[in-house]
Amino acid sequence: MRPSYDFDTVVDRRGTWSVQWDGVADRFGVDGLLPFTISDMDLATAPEVLAALRARIDHGVFGYTDWQQDDFRSAIAHWYATRHGTTVDTGQLVYGPSVLNQLSQLLRMWTGAGDAVVTHTPTYDGFRKAVLGLGRELRGVPVGDDAALERELARPDAKVLLLCSPHNPTGRVWTTDELVRTAELAARHGVRVISDEIHADFAHDGHHHVPWPRVADRGPESWALITSGSKAFNFPGLTGSYGLIGDPADRAEYLRRMATAEGLESPAVLSLTAHIAAYREGGPWLDAARAYIAGNLALVEDRLRAALPELGWRPPQAGYLAWIDLRPLGPDDDALQRELIERERVAVMPGRVYGADGFVRLNVGCPRAKAEAGVDALVRAVRALT
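Thresholds applied
Position numbers for residues count from 1 along each chain, tracking the sequence in the order it is written. In keeping with the model being predicted, local features are shown solely for residues with a pLDDT of at least 70 and side-chain atom pairs are shown and tallied solely at 80 or more, while totals for entire chains, interfaces and linings include all residues. Side-chain measures were taken over the full set of non-hydrogen atoms in the model, leaving aside hydrogen atoms and water. A run of H or I in DSSP becomes a helix once it reaches four residues, and a run of E becomes a strand once it reaches two; helices and strands are each numbered from the N terminus. Multiplying one less than the number of residues by 1.5 Å gives the expected span of a helix. When a residue's accessible area, from a 1.4 Å probe over protein chains only, is under 20% of the maximum for its type it is buried; when over 50% it is exposed; and in between it is partly exposed. Any two residues having at least one pair of non-hydrogen atoms within 4.5 Å are treated as being in contact. Two strands make a pair as long as DSSP finds a minimum of two bridges between them. Axis definition: a line fitted to C-alpha atoms, limited for helices to the stretch in contact. Angles are taken between N-to-C directions and run from 0 to 180 degrees. A carboxyl oxygen of Asp or Glu within 4 Å of a side-chain nitrogen of Lys or Arg is what we treat as a salt bridge. Buried Ala, Val, Leu, Ile, Met, Phe, Trp, Tyr and Cys residues that are joined via side-chain atoms within 4.5 Å together make up what is termed a nonpolar core. Identification of polar contacts relies on pairs of N or O atoms within 3.5 Å, with a donor-acceptor requirement for protein atoms, meaning one able to donate a hydrogen and the other able to accept it, and with residues adjacent in sequence counted only if both atoms are side-chain atoms. For the charge count, each Lys or Arg is scored as positive and each Asp or Glu as negative, with His and the chain ends excluded. When the centres of two rings from Phe, Tyr and Trp lie within 6.5 Å, Trp using its six-membered ring, the rings pair. Their planes under 30 degrees apart give stacked, over 60 give edge-to-face, and anything left gives tilted. Only when the NZ atom of a Lys or the CZ atom of an Arg is both within 6 Å of the ring centre and within 35 degrees of the ring normal do we say a charge sits over the ring.

(A) Structural detail: helix 7 (residues 176–188). In this model helix 7 runs 18 Å from its N-terminal to its C-terminal C-alpha over 13 residues, within 8% of the 18 Å that 1.5 Å per residue would give. Within the span of helix 7, buried status applies to E178, L179, V180, T182, A183, L185 and A186. Summarising the contacts, the buried residues of helix 7 are in contact with helix 6 (146–154), strand 5 (158–164) and strand 6 (192–196). Trailing helix 7 by a residue or two, G190 shows a phi angle of about 65°, which is positive.

(B) Representation of the sheet that holds strand 1 (residues 34–36) in the model. One open sheet accounts for 4 strands, arranged 1-10-11-9; its pairing is mixed. Each having just a single partner strand, strand 1 and strand 9 (321–325) make up the two edges of the open sheet. Looking at each pair of strands side by side, their axes are set apart by 30° on average, direction ignored. Here strand 9 pairs with strand 11 (residues 359–363) via 5 bridges, running antiparallel. By the bridge assignment, A322 is partnered in strand 11 with L362. Along the sheet face, helix 12 (residues 333–344) touches strand 10 (346–350) and strand 11 and points at about 165° away from the line of strand 10. Relative to the sheet, helix 13 (residues 368–385) contacts strand 1, strand 9, strand 10 and strand 11, its axis offset from that of strand 1 by approximately 90°.

(C) Inspection of unusual backbone geometry at higher detail. With an omega dihedral of 0°, the bond running from T121 to P122 counts as a cis peptide bond. Tracing the sequence through the fold places P122 in the loop between strand 3 (116–121) and helix 5 (125–133). In this model, T239 sits at a positive phi of 60°, which is unusual for a non-glycine residue. Mapping T239 onto the fold places it in the loop between helix 8 (230–233) and strand 8 (241–245). Even without being glycine, R345 reaches a positive phi, approximately 60°.

(D) Structural detail: the pattern of salt bridges. By the definition in use, this model includes 28 salt bridges. Residue D205 is joined to R290 by a salt bridge in which the shortest nitrogen-to-oxygen separation is 3.7 Å. Of this pair, D205 sits in the loop between strand 6 and strand 7 (223–227) while R290 sits in helix 11 (residues 283–307), and the two are 85 residues apart along the sequence. For D334, the salt bridge identified is with R352, shortest N-O distance 2.7 Å. With D334 in helix 12 and R352 in the loop between strand 10 and strand 11, this pair connects stretches of sequence that are 18 residues apart. Within the structure, one salt-bridge network assembled from shared partners comprises R13, D40, D42 and K370.

(E) Local environment of the nonpolar core. Membership of the largest hydrophobic core comes to 84 residues, with the highest contact counts inside it found for W212, F233, W285, L304, I324 and L362. In terms of residue count, the dominant contributor to this core is helix 11 (10 residues). Those residues in contact with I324 that lie beyond four places of it in its chain are L304, L311, W313, G358, F359, V360, L362 and L378. In this structure, V94, L103, L106 and A130 belong to the second largest nonpolar core, which totals 22 residues.

(F) How the structure looks around the side chain of H204. Relative to the assigned elements, H204 resides in the loop between strand 6 and strand 7. On the basis of relative accessibility, which here comes to 8%, the residue H204 falls in the buried class. At 2.7 Å, the side chain of H204 and the backbone oxygen of G319 are in polar contact. For H204, the residues in contact, after removing those within four places along its chain, are R290, I293, A294, L297, P316, Q317, A318 and G319.

(G) Layout of the side chain of D201. Structurally, D201 is set in the loop between strand 6 and strand 7. One buried charge, D201, has no salt-bridge partner; the nearest side chain with opposite charge is R83, at 5.6 Å. A polar contact of 2.8 Å, which involves the side chain of D201, links it to the side chain of H84. Setting aside chain neighbours within four positions, we find D201 in contact with W79, H84, A232, Y279, L286 and R290.

(H) Broad picture of the packing of aromatic side chains. Counted according to the given criterion, the structure contains 14 aromatic pairs. An angle of 70° between the planes, with centres 5.9 Å apart, marks the rings of F72 and Y95 as edge-to-face. Of this pair, F72 sits in helix 3 (residues 70–84) while Y95 sits in strand 2 (residues 93–96); the two residues are 23 residues apart in sequence, bridging distant segments of the chain. Of the two residues, F72 and Y95, both sit in the buried class. On the basis of an interplanar angle of 85° and a centroid distance of 6.2 Å, the ring pair of Y242 and Y279 is categorised as edge-to-face. Taken together, the residues Y242 in strand 8 and Y279 in helix 10 (residues 269–281) connect sequence positions 37 residues apart. Through a chain of ring-to-ring contacts, three or more aromatic side chains come together here, namely Y5, F7, W67, F72, W79, Y95, F233, Y242, Y279, W285 and Y292. Across from the ring centre of Y292, 4.3 Å away, lies the NZ or CZ of R368, which sits over that ring. Looking at K370, its charged tip hangs above the ring of F36, at a distance of 4.8 Å from the centre.

Shape is all these values report; function is a separate question.
Below, the structure written as structure tokens:
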């Protein structure tokens, strides 16, 4: 008998220093909005993770911690084998405080000032901040445009392909054939690959995430996979991520930098605890959460089809972010945001944050009643303007 989990009960996040809830005024200029914004969920993490965290807290000592131990390595190997049908070389493992921190470290290793980093558009805003913040040039290519991808990779100053797999914000799950073509293009033009796979565990039924190591032999020698269990199991506030770096010399240099210049050799012990519990025991909870979120996305599809059929919206292949193209109806972006904020009292991410005017990104990683409130507010706002 499968365990049952309660995702309908609302967990009050106000007053918990939540970026999504308590920080909404920082981005939208108004406090008290119902938020559908930053990419975390309003669902409590798996009970198995909570039990492991409580047990570790009860120990009472939180000293410096070693991530290079078998409990952590074997949990990752187990997860990739059972969830993704992939054998990973745990000797390639590295650790970092966050996926974006790992990205920044790798960009410092593999690029110099003014070098170009190629990525798909629309683009996760964290990528833009990391790349531009380091003084590198960010070059976008539309999702699915292989010809544009090859043109950009062929430019002599292109040094890194930054892949988001599955893609944020569109929720696209790359097929094996697509990844093989991408790997071959990168190898042909001598461009290293960094694959951010933090959304991998939220691929929906009918779509299968392919970890980069499965196609790495077709690509460049220098590659890295960066990821974390924090997105799937909703514990980003614990910090902590990990990765795989293919080339031994690259891996040694990354670890040297983390241990010396960065001072980040010791990880957050509660993050390790959460990862091990999630990857060893959290599978049933994740399956239930994915099914629940799929229900939220189906709700969004039904409401949009009924009210705004011109959009022809379909749910994403992965994740809990509804990426909605409003261009067929043409509401003005600024006017829509005013309508959402001032009249509907909701916060929804505008597409321009990801370089795509005319879109919105609605986070439905939440109890169904909230998802319903969000899509209904969006429908009313669009109708008011069109």
